[in-house]
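The residues making up each chain are set out below.
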Amino acid sequence: MARNNFENIERKWQARWEKEGWYPAEDFAKGKKKFYALVEFPYPSGSGLHIGHAFSMTGADVYARKKRMEGYNVLFPMGWDSFGLPTENYAIKTGIHPAKVTARNTAIFRRQMKRLAFSFDWRREIDTADPDYYHWTQWIFLQLFKHGLAHKEKMPINWCPSCKTGLANEEVIDGHCERCGTPVERRELDQWVVSITRYADRLLAGLETTDFVAKVKAAQINWIGKSMGAKIKFQIANLGDSLEVFTTRPDTLWGATFMVIAPEHPLVGEIRSKAKLPAAKIQEIEAYVNQARRKSELERTELEKEKTGVFSGLYALNPATGKQIPIWISDFVLASYGTGAIMAVPAHDERDHAFAKKYSLPIVPVIQPKQKWDFDKAAYTDVEHGRMVNSGPLNGLAPNVAIKKAIAWLEKKGIGKKAVSYHLRDWIFSRQHYWGEPIPMVYCRHCAQKGITWWETPEGKKFLQKNSGQPGIWNLEPGTSRRGLAGWFPIAEDKLPLKLPDVERYQPTDNGESPLAAVKSWTEAKCPVCGRPARRETDTMPNWAGSDWYFLAYLLAGKLGKPHDKNIFAENKDILRYWLPVDVYIGGDEHNTLHLLYSRFIYQFLGDIGAVPKEHPEPYHRRVSHGVILAPDGRRMSKSRGNVVIPDRVADKYGVDALRTYLMFMGPFTATMAWNENALRGVERFLQRFEKFVMGQAGGKKKLLENKEMKAALNELIKKVGGDIDNFAFNTAIAAMMKFLNLAIEKNWRLGRAELEALVKLLAPFAPYLSEELWHRRLGEEKSVHWAPWPKADAKYLGTQKRMIAVQVNGKLRATLELTAEEAKDQEKVVALAKKDPRVAKYLATGQLKKTIFVPGKIANFVVK
RNA sequence: GCCGCGGUGGUGGAAUUGGCAGACACGCAGCUCUCAAAAAGCUGUCUUCUUUUCGAAGGUGUGGGUUCGACUCCCACCCGCGGCACCA
């Protein structure tokens, strides 16, 4: 297409696609197989569509378009992940309501996406900040609460002392506040917490049924971080209490010479009251604990940091040796992992070893390594080699065998049991921001004091009757505190959505509460149980809340705002049954852990409570993660560096088809690649030659002499392009088309109508405008090329191309023979021809032929000695 | 430290189950067209050697190995990228 021409063509076809309603996906389309192609929906930022969006969405679009042409009923939807901090910050700065900003931005995104010809089903567009949408985000939260998976807890959060606000982990960059650069402190705030850890095993097991790439599976497995071991109880000598630890190495119990508890461990609080310690000692402990609390997460996890600690004054009894061992307090032990306490075995654990050296604690080896080992210098951590010593019943065993034996021994003695621990933490669900979904809960102080939980109210009892009879289908673990549950009541489901109120100021309040806390009309509520004045929750939900079920929202789009029964998430479950699971989910690496895990969790949970059908245990069948486009200088694009490539500007200059085709040609879909405008011009040239070639073909009426060579090449091309698109190998698909075109021009091939159609169709997913133009202008078709059937390779012509057979002598290439496909398979013929070739004969004459290797159609190799 | 991915011309990158390394494109050089330039087209382009041709030798991070044959498989190592990281 001539450069000045593409604009008209783009305008023309876009108008027609718009008129025809783009690419609707019908529920239950008859006689077609469904295909659900999903690409991550964007946060509609003020800067418009980024080249990274254009890249991943073009890849997804090419794939979806090909599937559609193959006759699938393709669902390829798009929407907006609208809640988020940038919009809120913009509102703080300008005073413009975030909803207004969002509407403005999504209009820009929508226009840009339509221009780039992404074949979305726009009827199913969703927006997480739309009350009809967050109605159900809130509903899901209520189900989590009612089923005992959400509660309020004091949790350490990241606190910026300068901005006076809590920060999400994503807002903390290297331990500093993203906005002002102040070092972040840890602070405890009451937070809603969702018990995702109770799904840890299910989330792990579910992975096996999915077709995620190894990298993604590994990331999820790592994040869940399951480790097997044992919990062991230690009696505390001068207190009638016991201390439980988690360990993966119960075999080394006999070598435990001290214990360490986290500064946040409950036992620390009891030291002052229960242990009879001198005042000076108590002061020392308190000083250490306070100092640890003030330390930022950064300082606490500093790699090279020397370990610090303080002796608690308490002693525990090692249940295996019966010896008294000191209990220390140190911040290298994390309160949030295991039991917040460890048994320290300095001879066989590096961290314990470092601590023992610093505070001169005894190091007692219980594994005899094969080689000489200086236990004063280093811990011996190998579990494969060595023999247990000084360990009673375990003596003589290899450590990995001793682990199992030790657990059995502990269970028999009643001092410990097999246990599992996870790296995965519960999900902190509260944010102290305005621009998010309000958490639909009310707190009644009066009821809280009386210890009334929602399950004890008439409504709650009715809920329990309907369900399993206990608070929580997945019951609270025995002993779990009810703190954080008493006095908290959900608002009635038929009152949803609980809409965000308009506020005057969007910034957080001085004490770190959400801006909603400053709105009296918001906070003042009536207790649904006792009718006394109560306080509405002022926190909002994290960004993940809206995005973790959006793939379901597309299926219900249009119905979200008006279900007949406002309490039922999906009234017509057959729609979900039909479309799920998502067949291919395309997104960025940055969402391979959190987003993917959260949404898998929510989906499993919704299945468990019967809100979505249970046929498919996992929401996503295949996950493809796309690569990243760097600036021409090879660095990440950023506004401050001024190296940002804007898709709209590229499209202005070269046209959408050239942009799309170049994006797909740059390299593998998963790769990190630098933008190169010159290479784009190469693609532009290809499209121009393609147009010229197709327009210049006689085509149509006149009967052509059959050109077997051309047909063979074209059918190979059809097979290659189709297969490559299926494998997301767009770059080689385009390369193959370029090669065919070069050959066709060079050999001056004339294509018949059928061949010409096929060629245009192959290009259609990549260059939708040009192909549509040629389809109508050159081939005179009425209907769109994008609904035309995908060409099928004719088996008759496959494998009929001339072959180059490589002839080797002792594995070294000496000659090549050009043969027909038939000849190339004929061993006798090839060997005879090869032997005759002077370049080969020369080497055969130098020795004796020992062996001849022949691979049909590929190679002949003579072994000569 | 652990987990995952990768290392191929001047550049981005190709290479079914081990079977012609460098497809396709960029860049560069020369040429055609032109008063000239742009655009377009043609030719060449892994390195070295041979005046050229014919050809020969080397070559996919390094060192070994398996094989008739290795970018591909195995062992050891080096480097880069991404994620996690005091996880008991």
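Procedures and definitions
Residues numbered from 1 in each chain as written. Chains lettered and ligands numbered in written order. Predicted model: local features only at pLDDT ≥ 70, side-chain atom pairs only at ≥ 80, totals over all residues. Heavy atoms only, no water. Phe/Tyr/Trp six-rings, centres within 6.5 Å; stacked < 30°, edge-to-face > 60°. Helix = DSSP H or I, 4+ residues; strand = E, 2+ residues; numbered from the N terminus. Buried < 20%, exposed > 50% of the residue type's maximum accessible area, 1.4 Å probe, protein only. Lys NZ or Arg CZ within 6 Å of the ring centre and 35° of its normal. Pairing = 2+ DSSP bridges. Contact = heavy atoms within 4.5 Å. Axes fitted to C-alpha atoms, helices over the stretch in contact; angles between N-to-C directions. Parallel < 35°, antiparallel > 145°, perpendicular 65-115°, else oblique. Nonpolar A, V, L, I, M, F, W, Y, C, P; charged D, E, K, R; others polar. Salt bridge = Lys/Arg side-chain N within 4 Å of Asp/Glu carboxyl O. Core = buried A, V, L, I, M, F, W, Y, C linked by side-chain atoms within 4.5 Å. pLDDT = per-residue confidence, 0-100.

Draft legend 1. Region of interest: the packing of aromatic side chains. According to the stated counting rule, one finds 59 aromatic pairs in the structure shown. Note on Y23 and W787: the rings are 5.7 Å apart at their centroids and 20° apart in plane angle, and the pair reads as stacked. Placement of the pair is Y23 in the loop between helix 1 (6-19) and strand 1 (34-39) and W787 in the loop between helix 26 (768-777) and strand 29 (803-809), with a sequence separation of 764 residues. When the centroid spacing of 5.6 Å and the interplanar angle of 90° are considered together, the rings of F120 and W122 count as edge-to-face. In this structure, F120 and W122 share a single accessibility class: buried. The ring of W787 is capped by R68, whose NZ or CZ atom sits 5.7 Å from the centre of that ring. One cation-aromatic arrangement involves R536 over W522; the distance from NZ or CZ to the ring centre is 5.3 Å.

Draft legend 2. Region of the structure containing the environment of L813. Residue placement: L813 occurs in strand 30 (residues 812-819). Residues L813 and L663 lie 150 residues apart in sequence; the distance between their C-alpha atoms is 37 Å.

Draft legend 3. Examining the sheet that holds strand 2 (residues 73-75) more closely. Within the open sheet, the 5 strands sit side by side as 2-1-25-26-10. Their pairing is parallel. Of all strands in the sheet, those with a lone pairing partner are strand 2 and strand 10 (211-212), marking the two edges. In this sheet, strand 25 (residues 582-587) lies alongside strand 1 in parallel orientation, the contact comprising 3 bridges. Opposite L38, over in strand 25, you have Y585 as the bridge partner. Sheet contacts for helix 19 (residues 594-608): strand 10, strand 25 and strand 26 (620-625); angle to strand 26, the most-contacted strand, approximately 170°.

Draft legend 4. Inspection of the packing of helix 2 (residues 51-69) against helix 21 (residues 656-665) at higher detail. At their nearest, the axes of helix 2 and helix 21 sit 9 Å apart, and the two run at 90° to each other. Between helix 2 and helix 21, the angle falls in the class roughly perpendicular. Contacts between helix 2 and helix 21 involve I51, A54, F55, T58, G59, D61, V62 and R65 from the first element and L659, R660, L663 and M664 from the second. Looking at the contact of helix 2 with helix 21 residue by residue, the classes come out as 7 nonpolar, 2 polar and 3 charged.

Draft legend 5. Structural detail: the side chain of S421. Looking at where S421 falls in the secondary structure, it is placed in strand 19 (residues 416-422). You can call S421 buried: its relative accessible area is 7%. For S421, the residues in contact, after removing those within four places along its chain, are G225, K226, S227, F246, Y337 and G338.

Draft legend 6. Quick peek at the environment of G309. Inspection of the secondary structure puts G309 in the loop between helix 10 (297-300) and strand 14 (310-317). Judged by its relative accessible area of 17%, G309 falls in the buried class. Residues G309 and A712, 403 residues apart in the sequence, show an inter-C-alpha distance of 76 Å. Contact partners of G309, with chain neighbours within four places excluded, come to Y288, W328, I329, S330, F355 and Y359.

Draft legend 7. Main features of the pattern of salt bridges. Summed over the entire model, instances satisfying the criterion amount to 44 salt bridges. Note that D121 is salt-bridged to R124, the shortest N-O span being 2.9 Å. For D121, a relative accessible area of 1% translates into the label buried. A salt bridge links K357 to D376, with the shortest nitrogen-to-oxygen separation between them at 2.9 Å. Note that K357 is positioned in helix 11 (residues 350-358) and D376 in the loop between strand 17 (367-368) and strand 18 (387-388), a separation of 19 residues in sequence. The structure contains a network of salt bridges with shared partners spanning E26, D27, D121, R123 and R124.

Draft legend 8. Structural detail: the nonpolar core. Grouped together as the largest cluster of nonpolar side chains are 190 residues, with contacts concentrated most on M113, L552, F569, L606, L663 and W675. Not counting chain neighbours up to four residues away, the residues in contact with L552 comprise F569, L576, L580, Y603, L606 and V612. The next biggest cluster of nonpolar side chains, apart from the first, holds 43 residues, and it includes I236, L239, A341 and I407.

Draft legend 9. Quick look at the confidence of the model for chain A. Across chain A, the average pLDDT comes to 87, with 92% of residues at or above 70. The element-level mean pLDDT for chain A is lowest in helix 10, coming to 56, with strand 2 highest at 97. Every residue in residues 476-481 scores below 50 in pLDDT, and together they form 4 contacts with partners more than four places removed in sequence or on other chains.

Draft legend 10. Here's a closer look at unusual backbone geometry. Each neighbour pair has its own omega, and for L496 with P497 the value is 0°, a cis peptide bond. Summarising the element assignment, P497 is placed in the loop between strand 22 (488-490) and helix 15 (520-523). Backbone torsion omega between L580 and P581 reads -5°, so that peptide bond is classified as cis. In the Ramachandran plot, W22 falls in the positive-phi region, its phi being about 55° despite a non-glycine side chain.

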